[in-house]
Amino acid sequence: MTLLQMQGMSVRHGQDPALSDVNFSIETGEIVTIVGPNGSGKSTMLKTMIGAVRPSSGRIDRQKGLRIGYVPQKLHIDPTLPLNVDRFLSLPNPASRAKRDAALLRAGVPDLAMRQMSGLSGGQLQRVLLARAILHEPQLLLLDEATQGLDQRGSAEFYRRIEEVRRDLGCAVVMVSHELHVVMSASDRVICLNGHVCCEGRPEVVASAPEYRALFGSGTGGALALYRHEHDHAHDSDHHHDHQHGSDCIHDHGIGQDHNHKHGVAE
Amino acid sequence: MSLLDDFLVRAVLAGIGVALAAAPLGCFVVWRRMAYFGDATAHASILGVALALAFSVSPLIGALVVALVMASCVTALSGRGFAVDTMLGVLAHSSLAFGLVAVSLLDGVRIDLMSYLFGDILAVGRDDLLVIWGGAAAVIGLMVWRWQALLTATLSDELAWAAGFNPKREQMVLTLALALVVAVAIKVVGVLLIAAMLIIPAAAARPLSHTPERMAAIAALVGAGAVIGGMQLALTLDSPTGPTIVCCAALLFAASAGLALVRGRDS
């Protein structure tokens, strides 16, 4: 079932075009990742989905009564606002205690209910945001750079949790990320964005597409293969560490070059 | 109703009415860092009083309209490339200056300027009391009705959008509530000290609270306590009532801040 559909949709920030002629749709149960360089319109695309940004032309249609769970890129809680995790979960829609506890458990932070929001670490805050987003069993879960500030291990673990959530709730997931390798291995479909949709398809297809390589360089193709390999063996605890370490080194290198490459092209 | 014949009883009731309405609104002013915004709106209302006297309408209506216009202007201008604190500084003080000049230009109307600047709570009549409690009830009703949405929008615009409501509308709710509180509080504490009644009780309540609701409730208690204590003190010392009330609130804040220091942590 199609949950959300964009047809020939363009968005402007003032005079500047942010997105042009985007066609996109998402079906129940899919995990779609949006990748793209900084300023490519990734966050704008998510903000259009939640209705915070209106398209300047084209259309966006949501299924009637669509329940959206949204995990923002970051959330600053002013220290003057006393707010514990349990109270935060019920904003704006109240939920029963059983539901709140279940959501925290599913997000992997069952013991944080009474903690103040302003005192959480980055990783804890992300999981609490995830718990709030899945509290009312969304049909569509949106994550905007949700693993920013987490280390490699933390974000890999976070994405595994997203897969579990998708499996348990049967919701569709749209993620925006910089971390191509981790994210792509967890996706059914990848959209490569740079003001418009450059290319899309299964992760392997996109990783080898010339448009994608023009943006990110060819290094990530290799890294992706390594990561899929690592991911396949995720439960093999004996070898897990070595694999992870090996791919870390190669990959970090690759990303650095990619960025240089990108700037070279852009300037 | 004979109790209301006593001017002291009327004064205390008027003060408590304002304190109860100012408490939840004051919390939002603190959480959203709108202190200067409250000041600007309050100061502008003196211009409203002058205009109302010139056109022979109730000063309350004049203050309400100008406060609303001012608050709307600030809301509309903020986030459009102006440095907000500079702009508010300009608006707050210039509107006060224009108001004072306008009052001095009024021919044939002799008004006691001091009573508008610092309030004249002992002169509150039955009609004033009705207006103050009517306004306070409207503000409290508005706050209770929109409470969950206001809190969500205070945390993040995007969380509000994703939950299906427009955070700009919640901003307008606060703006309207602020104009109402300013209009009904002029008689009690005067335009110069209205912001104090918003901010000081909320700030005093912060160290004693672990949820937003508790903070609003304690702020209401602090505000009401300051009114009762300030009235008694003013009678004993023969000091101006409005400023004495604010002094009492400040002392309560100092006690609460001291308590927080002694405990060495936020609760």
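Anything mentioned here points back to the structure above.
What counts, and where the lines are drawn
Residues numbered from 1 in each chain as written. Chains lettered and ligands numbered in written order. Predicted model: local features only at pLDDT ≥ 70, side-chain atom pairs only at ≥ 80, totals over all residues. Heavy atoms only, no water. Helix = DSSP H or I, 4+ residues; strand = E, 2+ residues; numbered from the N terminus. Buried < 20%, exposed > 50% of the residue type's maximum accessible area, 1.4 Å probe, protein only. Arc of directions from axis to C-beta. Contact = heavy atoms within 4.5 Å. Buried area = accessible area lost by both parts, 1.4 Å probe. Salt bridge = Lys/Arg side-chain N within 4 Å of Asp/Glu carboxyl O. Polar contact = N/O pair within 3.5 Å; in protein donor to acceptor, adjacent residues only side chain to side chain. Patch = residues over 30% accessible without salt bridge, like charges linked within 9 Å, V, L, I, M, F, W, Y side chains within 5 Å. Areas by Shrake-Rupley, 256 points an atom, 1.4 Å probe, with all protein chains shown as cover. Axes fitted to C-alpha atoms, helices over the stretch in contact; angles between N-to-C directions. Parallel < 35°, antiparallel > 145°, perpendicular 65-115°, else oblique. Nonpolar A, V, L, I, M, F, W, Y, C, P; charged D, E, K, R; others polar. Pairing = 2+ DSSP bridges.

A. Just the overall build of chain A, in detail. Within chain A, the secondary structure is distributed over 10 helices and 9 strands. Taken over 267 residues, chain A has a buried fraction of 54%.

B. Representation of helix α3 (residues 97–106) of chain A. Residues and elements named next belong to chain A. For α3, the full list of buried residues reads Arg 100, Ala 103 and Leu 104. Seen from one end, α3 has its buried residues packed into an arc of 100 degrees, which puts them on one side. Residues of α3 that are exposed and point over 90 degrees away from its buried face: Ala 98 and Leu 105. Turning to α3, the residues buried within the fold contact α2 (85–89) and α4 (122–134). Looking one or two residues beyond α3, the residue adopting positive phi is Gly 108, at roughly 85 degrees.

C. Quick peek at the interface of chain B and chain A. Listed per partner, the contact involves 23 residues of chain B and 26 residues of chain A. Here chain B meets chain A over a buried area of about 2200 Å², counting both sides, of which 60% is carbon and sulfur. Three residues stand out in chain B for area buried against chain A, namely Leu 155, Glu 158 and Leu 159 of chain B, and they jointly supply 29% of the buried area on that side. Taken together, the connections running from chain B to chain A amount to 3 salt bridges. Note that Asp 78 of chain A and Arg 33 of chain B form a salt bridge whose closest N and O atoms lie 2.5 Å from each other. There are 11 residue pairs in polar contact (both at pLDDT 80 or more) connecting chain B and chain A.

D. Molecular detail of a nonpolar patch on the surface. Residue and element names in this part refer to chain B. A cluster of nonpolar side chains, Leu 51, Phe 55, Val 57, Ile 61, Val 65 and Val 69, forms an exposed patch at the surface whose accessible area comes to about 560 Å². The element best represented in the nonpolar patch is helix α3 (residues 59–77), accounting for 3 residues. Position of Val 69 among the secondary structure elements: in helix α3.

E. Seen up close, unusual backbone geometry. All names here are of chain A. Cis peptide bonds are those with omega within 30 degrees of zero, and the linkage from Leu 91 to Pro 92 qualifies with -5 degrees. Within the secondary structure layout, Pro 92 lies in the loop between α2 and α3. Not every positive phi belongs to a glycine, and Glu 137 is a case in point at roughly 45 degrees. Note that Glu 137 resides in the loop between α4 and β6 (140–144). For Glu 137, a relative accessible area of 43% corresponds to the partly exposed category.

F. Local environment of the packing of helix α1 (residues 7–31) of chain B against helix α9 (residues 194–205) of chain B. Residue and element names in this part refer to chain B. Following both chains from N to C, one finds α1 and α9 inclined at 75 degrees, their axes separated by 7 Å at the closest point. Accordingly, the angle class assigned to the pair α1 and α9 is roughly perpendicular. Contacts between α1 and α9 involve Ala 19, Ala 22, Leu 25, Gly 26, Cys 27, Val 29 and Val 30 from the former and Met 197, Leu 198, Ile 199 and Ala 202 from the latter. In the contact of α1 with α9, the residues fall into 10 nonpolar, 1 polar and no charged.

G. Summary view of the sheet that holds strand β2 (residues 16–27) of chain A. Residue and element names in this part refer to chain A. The sheet built from 3 strands is open, its strands ordered β2-β1-β4 with antiparallel pairing. A strand with exactly one partner marks an edge of an open sheet, and here the two such strands are β2 and β4 (57–62). Across the sheet, the axes of successive neighbouring strands diverge by a mean angle of 15 degrees, strand direction being ignored. Pairing between strand β1 (residues 2–13) and β4: 5 bridges, direction antiparallel. By the bridge assignment for β4, Gln 5 is matched with Asp 61. Helix α1 (residues 42–50) contacts β1, β2 and β4 of the sheet and is inclined by roughly 120 degrees relative to β1.

H. Examining the pattern of salt bridges more closely. All names here are of chain A. The full count for this structure, using the stated rule, is 18 salt bridges over all chains. Between Asp 86 and Arg 97 there is a salt bridge, and its shortest N-O distance comes to 3.2 Å. With a gap of 11 residues between them, Asp 86 in helix α2 and Arg 97 in helix α3 connect regions that are remote in the sequence. The buried category is assigned to Asp 86, whose relative accessible area is 10%. Judged by its relative accessible area of 41%, Arg 97 falls in the partly exposed class.

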